[in-house]
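# Geometric and topological summary
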Amino acid sequence: MSLDDVFNDSLPEDHRSGVVVVAGRPNVGKSTLINRLIGQKIAIVSPKPQTTRRRQLGIFTSERGQILFIDTPGLHAPQHRLGEYMVKTAETAFRDSDLILLLLDVSAKPEAGDRHLAETVARLRGDTPVVLVLNKADLPAPETLAENVEAHKALIPHDQAFLISALNGTGVDEMFAYIMEQMPHGPRYYPADQTSDMNMRFIAAEVVREKIMLNTEQEIPYSVAVEVDGFTEKENVNAISATIYVERDTQKGIIIGKGGEMIKRIGSQARAELEEMLDGKVFLELHVKVLRNWRSDENLMKRLGYRIKDED
Ligand SMILES: Nc1nc2c(ncn2[C@@H]2O[C@H](COP(=O)(O)OP(=O)(O)OP(=O)(O)O)[C@@H](O)[C@H]2O)c(=O)[nH]1
Ligand SMILES: [Mg+2]
């Protein structure tokens, strides 16, 4: 029996499947939306822009169909090699997708960055349908909202537009039903219980990075990379050790904090979340190391797993 038979046994004739790229500027709520659609945390979220750094897959499965949502790093004008990598990753994801969800933050008027993004998407989309998702509808006052909606809709020709709040869920079901209907007929590609393409080592590193992003300011959140060096599980007890890389000695001092206060806080927040995810006890050991200017050095970036080739 082939894998196809295992996955596709008893699926309806008109089963649908496809790839949906979720694109948008940093901080518009792409990861929040994907986590909501999948019903669990696939991607880390923070109030700071440029949280997501790699292409990440969120897999939705039902009897009706399977949709592979691709979370992309926010499209922005890059300042580092890491930034270039992030933009390239997002652009690469446009290829071979069945639909582009373009997320815009409707709590503000479109800015130059939004117009630039709309041009980029228009240039790269080919024949792929574009659905505008006007997110953060919960924020503006009703009068401003109506104006902002019109201004955002005018940015780019689109097939459909939805007004939603990824945070509280308003409008998400309607948008999702539409997306499913647009998917071509096709098989189930992944087993029904698989929700992402990332392993637990990567997710653990990302959870640590999220807590750093939430607890630090200015350059620190962006200067950090996290690598899991060890991950063992025995009788529902997980021992995880991870290294936090920063670019300078001063940043190392800030991450550790006075009397180790900051690293303790990061560690205990990460541990709490990992225990919930893994449904078991977690021992988390964190180290901090300086890897001078790693964001500008392609070899160091590769060592930390930011490798454009893997994305193809
Ligand atoms: N009020 C409100 N806040 C939202 C909504 N959606 C997302 N947010 C918040 O916006 C911030 C950014 O959300 P993310 O999901 O990390 O945004 P992103 O587009 O993935 O950002 P990058 O990964 O940096 O490109 C977080 O603080 C979210 O809680 C929404 O519908 N309403
Ligand atoms: Mg994100």
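Here we summarise the structure given alongside this text. (Residues numbered from 1 in each chain as written. Chains lettered and ligands numbered in written order. Predicted model: local features only at pLDDT ≥ 70, side-chain atom pairs only at ≥ 80, totals over all residues. Heavy atoms only, no water.)

## Quick notes on helix α7 (residues 200-215)
As a reminder of what qualifies: To qualify as a helix, a DSSP run of H or I must reach at least 4 residues; to qualify as a strand, a run of E must reach at least 2; elements of each kind are numbered from the N terminus. Given the number of residues in a helix, its expected span is that number minus one, multiplied by 1.5 Å. Burial classification: accessible surface area is computed with a 1.4 Å probe over protein chains only, and a residue below 20% of its type maximum counts as buried, one above 50% as exposed, and the rest as partly exposed.
The terminal C-alpha atoms of α7 lie 23 Å apart, and with 16 residues this matches the ideal 22 Å at 1.5 Å per residue to within 8%. Buried residues dominate α7, accounting for 13 of its 16 residues.

## Quick word on the side chain of E206
We apply this condition: The contact criterion used throughout is that any non-hydrogen atoms of two residues lie within 4.5 Å.
Along the chain, E206 falls in helix α7. Sequence-distant contacts of E206, defined by excluding residues within four places in its chain, comprise I44 and Q56.

## Details of the site of ligand 1
Rules: Here a residue is considered near a molecule or strand provided that any single heavy atom belonging to it is located within 4 Å of it. Nitrogen and oxygen atoms within 3.5 Å of one another constitute a polar contact, given that in protein one can donate a hydrogen and the other can accept it, and given that sequence-neighbouring residues count only through two side-chain atoms. The accessible surface values rely on the Shrake-Rupley method and a 1.4 Å probe; as for residues, cover is taken only from the protein chains in view. Lining residues are defined by having an atom within 4 Å of a point belonging to a cavity or pocket. Those points lie on a 1 Å grid over the protein atoms alone, cavities being sets where a 1.4 Å probe fits but cannot get out and pockets being open sets with protein on both sides within 12 Å along at least five of seven lines. The rule for placing a molecule in a cavity or pocket is simple: more than half of its atoms must lie within 2 Å of the grid points. Throughout this entry, Asp, Glu, Lys and Arg are counted as charged residues, while Ala, Val, Leu, Ile, Met, Phe, Trp, Tyr, Cys and Pro are counted as nonpolar. The remaining residues, Gly among them, count as polar.
Lining the immediate environment of ligand 1, one finds 22 residues, of which K30, T32, Q50, T51 and D138 sit closest. Here G29 contributes a backbone N or O atom positioned 2.9 Å from an oxygen atom of ligand 1. The separation between an oxygen atom of ligand 1 and a polar side-chain atom of N135 is 3.1 Å. Starting from 650 Å² of accessible surface for ligand 1 in isolation, the protein chains cover 90%. In this structure, ligand 1 is accommodated by the second largest pocket. Counting residues per element, the shell around ligand 1 draws most heavily on helix α2 (residues 30-38), which supplies three residues. Its residues placed into classes, the shell around ligand 1 shows eight nonpolar, 11 polar and three charged.

## Brief notes about the sheet that holds strand β8 (residues 237-246)
Put simply, the rule is: Strand pairing is defined by DSSP finding a minimum of two bridges between the two strands. Angles run from 0 to 180 degrees between N-to-C directions of axes, and those axes are lines fitted to C-alpha atoms, restricted for helices to the stretch in contact.
Strands sit in the order β7-β8-β9 across an open sheet of three strands; the sheet is mixed. Since the sheet does not close on itself, it has two edges, and those belong to β7 (225-234) and β9 (281-290), each with one partner. Recorded for the sheet is a direction-independent mean angle of 15° between the axes of neighbouring strands. Strand direction decides the pairing type here: β8 and β9, joined by 10 bridges, are parallel. Across the sheet, S241 pairs through a bridge with E285, a residue of β9. Packing against the sheet, helix α9 (residues 249-256) makes contact with β8 and β9, and its axis sits at approximately 155° to β9. Sitting on the sheet, helix α10 (residues 261-278) touches β7, β8 and β9, and the angle it makes with β9 is about 140°.

## Looking at empty space enclosed by the protein
Rolling a probe over the atoms, with the probe sized like a water molecule, indicates the empty space that remains. For clarity, the cut-off: Grid points are joined across faces, edges and corners, and a volume is the space filled by probe spheres set on the points. What fixes the domain bounds is an automatic or database domain assignment.
The tally for this structure, following the rule as stated, stands at one cavity of 30 Å³ or more. Space inside the largest cavity adds up to approximately 60 Å³. Surrounding the largest cavity, K41, I42, A43, I44, Q56, M198, F202, I203, E206, V207 and M277 form its lining. Looking at the lining of the largest cavity element by element, the count peaks at four residues for α7. Looking at the lining of the largest cavity residue by residue, the classes come out as eight nonpolar, one polar and two charged. A domain-level breakdown of the lining of the largest cavity finds at least three residues from each of domain 1 (3-182) and domain 2 (200-311).

## So, the packing of α2 against helix α6 (residues 172-182)
Cut-off, in case you're wondering: Each angle gets one of four labels, with under 35 degrees taken as roughly parallel, over 145 as roughly antiparallel, 65 to 115 as roughly perpendicular, and the rest as oblique.
Direction vectors running N to C along α2 and α6 enclose 80°, while the axes themselves pass 12 Å from each other. If you check the angle between α2 and α6, you find them roughly perpendicular. For the pair α2 and α6, the contacting residues are L33, R36 and L37 in the first and V172, M175 and F176 in the second.

## Some details on helix α4 (residues 112-124)
Applied cut-off: The directions from the helix axis to the C-beta atoms form the arc being described.
Over its 13 residues, α4 extends 19 Å from the first C-alpha to the last, a length consistent with the 18 Å expected when each residue adds 1.5 Å. Burial in α4 covers these residues: D114, L117, A118, T120 and V121. Buried positions in α4, seen along its axis, are confined to an arc of 160° and lie on one side of it. Summarising the geometry of α4, the exposed residues directed more than 90 degrees from the buried face are A112, H116, E119 and R123. For α4, the secondary structure elements touched by its buried residues are β1 (16-24), α3 (81-94), β4 (99-105) and β5 (130-135).

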